[in-house]
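Report on the structure
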Amino acid sequence: MEVMQPRHIGVSPKRRAARKKNGKFSVGSIFRMMKTSTEKADDEVVRSIQKWLKMRQDPLLMPTALSSMEDANEDRRLVIIVNPTSGGKTGLKVLHDIVLPVLNAGGIHKITVVETLSRFSVPQQVADLNLDEIDDIIVIGGDGTLCGVVLGLGKHQAEKALSVPVGLIPCGSHNHMFKVMSGFKNVHGRVRQRDVLLSLYRVCRHETTNLTIPLVQADGRDESPFMCGLSFALLAAAFKTSEKLRWTGLRKTRYYASILYHIFRMRKYSYDVRYLPATSEEVPPSMAPETFSEEWVAETGPYQWLGFSPLSFGVPREEALNDGW
């Protein structure tokens, strides 16, 4: 699968000043904070787009970096999946105030907008899309919306559905997936407008990165892809509880409250899990085998928490994407 994502933009001036004041500068830390010429150029483009948006999209101030892509993007066909209730219910505002103006300025005009009907409707809505008429899919939402899109592509009838490029515009409560794929050092860091604009700019330039999407099969059902993570026991129960608190509008707090609630309960869960470790030379089967070789590792509960993730948090973007495993 291809994803369209930016890198996180360096270290903030405020944090850099604090490090200098506390005497934490070393040759290594200075080297890591230095930006490449590409990152500096991207910074300049983002600032010009921000200025253009503040000036109510004055045609005379349209950034050259966007207008120069008009011809290259003339025939691109995009579908935007927008979750109107994601995060603080800002999805539609982000769509009309930022996403559509930037894409149009970059020469992308053949755009179809699909609003999600509920948090369970996304996979089927994506599975119903005619992928022959789509070049890229853009997701405006959070982790749940993105995972719903990937699930929908996994159940799509088209043979190469999971090869359709997918871009993410963060508009959720946590935006963990965006942060990981963008190389955020801290998954609790705040997503800023400049991160969103850089993501859009890379969408216009059609920059993609391959990402391995694992498939999971349970109880004899069809295999399904997962992207954000596959959780059992405590964390899965906490996420389920947090959905019941969505009406409170607490966003991040509802996750922490749900996790603490289940930590205090500390139930134990029973699962029998078998998997092929990364060191195995055995070719993973397309369906669950009837017998298992010695290469397979068996884990038996009870568990308090068990989970898998195709992405790694808190490491450089190139290592986080786990391409090819």
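Residues numbered from 1 in each chain as written. Predicted model: local features only at pLDDT ≥ 70, side-chain atom pairs only at ≥ 80, totals over all residues. Heavy atoms only, no water.

Each helix and strand in the chain was counted, giving 12 helices and 12 strands. The 325 residues of the chain split such that 41% are buried. Within the chain, contacts between residues separated by at least 24 positions form 74% of all contacts whose residues are at least 6 apart in sequence. Summed over all atoms, the accessible surface of the chain reaches about 18,600 Å², with 53% contributed by carbon and sulfur. (Helix = DSSP H or I, 4+ residues; strand = E, 2+ residues; numbered from the N terminus. Buried < 20%, exposed > 50% of the residue type's maximum accessible area, 1.4 Å probe, protein only. Contact = heavy atoms within 4.5 Å. Areas by Shrake-Rupley, 256 points an atom, 1.4 Å probe, with all protein chains shown as cover.)

So, on to unusual backbone geometry. A positive phi angle, close to 55 degrees, is found at His206, a residue other than glycine. You can see His206 is positioned in the loop between helix H9 (193-204) and strand E6 (209-210).

Each aromatic ring pair is summarised here by two numbers: the centre-to-centre distance and the angle between the ring planes. The tally for this structure, following the rule as stated, stands at 1 aromatic pair. Look at Phe292 and Trp296: their rings are 5.0 Å apart centre to centre, the planes differ by 75 degrees, and that puts the pair in the edge-to-face class. Residue Phe292 is classed as partly exposed on the basis of its relative accessible area, which comes to 35%. Its relative accessible area of 16% is what places Trp296 among the buried residues. The cationic tip of Arg274 hangs over the ring face of Phe292; the distance from NZ or CZ to the ring centre is 4.6 Å. (Phe/Tyr/Trp six-rings, centres within 6.5 Å; stacked < 30°, edge-to-face > 60°. Lys NZ or Arg CZ within 6 Å of the ring centre and 35° of its normal.)

Further remarks concern helix H7 (residues 143-154). The end-to-end C-alpha separation of H7 is 16 Å, in line with the 16 Å expected for 12 residues at 1.5 Å each. Of all 12 residues in H7, 9 are buried; the element is thus mostly enclosed. By the burial criterion, the buried members of H7 are Asp143, Thr145, Leu146, Cys147, Gly148, Val149, Val150, Gly152 and Leu153. Structurally, H7 contributes buried residues whose contacts are with strand E2 (77-82), helix H6 (122-127), strand E4 (136-141), strand E5 (166-170), helix H8 (176-182) and strand E8 (224-225). (Expected span 1.5 Å × (residues − 1).)

The subject of this paragraph is a nonpolar patch on the surface. A contiguous nonpolar patch, built from Leu260, Ile263, Phe264 and Met266 and spanning about 410 Å² of accessible area, is present on the exposed surface. Inspection of the secondary structure assignment puts Ile263 in helix H11 (residues 252-265). Judged by relative accessible area, which is 36%, Ile263 ranks as partly exposed. (Patch = residues over 30% accessible without salt bridge, like charges linked within 9 Å, V, L, I, M, F, W, Y side chains within 5 Å. Salt bridge = Lys/Arg side-chain N within 4 Å of Asp/Glu carboxyl O.)

Moving on to the pairing of E4. Each regular strand carries side chains that alternate between the two faces of the sheet. Taken across its 6 residues, E4 has 6 buried, putting it largely inside the fold. Of the two faces of E4, the one carrying Asp136, Ile138 and Ile140 and the one carrying Ile137, Val139 and Gly141 are both buried.

With that out of the way, let us pick up helix H10 (residues 234-244). Those residues of H10 that fall on the buried side of the exposure criterion are Leu234, Ala237, Ala238 and Ser242. Here the buried residues of H10 occupy an arc of 140 degrees about the axis, which is enough to place them on one side. (Arc of directions from axis to C-beta.)

By the element assignment, Leu198 lies in helix H9. Judged by its relative accessible area of 3%, Leu198 is buried. Separated by 156 residues in sequence, Leu198 and Asp42 have C-alpha atoms that sit 7.2 Å apart.

Let us look at the packing of helix H5 (residues 91-105) against H9. Interhelical geometry of H5 versus H9 gives an angle of 30 degrees and a closest axis separation of 10 Å. Considering only the axes of H5 and H9, their crossing is right-handed. Only Gln193, Val196, Leu197, Leu200, Val203 and Cys204 of H9 make contact with H5, whose side of the interface consists of Ile98, Val99, Val102 and Leu103. Here the residues of the contact of H5 with H9 are counted per class, giving 9 nonpolar, 1 polar and no charged. (Axes fitted to C-alpha atoms, helices over the stretch in contact; angles between N-to-C directions. Left-handed = near helix turned anticlockwise from the far one by under 90°. Nonpolar A, V, L, I, M, F, W, Y, C, P; charged D, E, K, R; others polar.)

The next thing to look at is the side chain of Ser121. Assignment of secondary structure puts Ser121 in the loop between strand E3 (110-115) and H6. Of note is the side chain of Ser121, whose polar atom sits 3.0 Å from the backbone nitrogen of Leu117. (Polar contact = N/O pair within 3.5 Å; in protein donor to acceptor, adjacent residues only side chain to side chain.)

The final tally for this structure, using the stated rule, is 11 salt bridges. Residue Arg205 is joined to Asp42 by a salt bridge in which the shortest nitrogen-to-oxygen separation is 3.3 Å. Within this pair, whereas Arg205 is found in the loop between H9 and E6, its partner Asp42 is found in helix H3 (residues 37-54), the two being separated by 163 residues in sequence. Judged by its relative accessible area of 34%, Arg205 is partly exposed. In this structure Asp42 comes out as buried when scored by relative accessible area, which is 4%. Put simply, Lys110 and Asp75 hold a salt bridge, and the shortest N to O gap is 3.7 Å. Here Lys110 is found in strand E3, whereas its partner Asp75 is found in the loop between helix H4 (64-67) and E2, with 35 residues between them in sequence.

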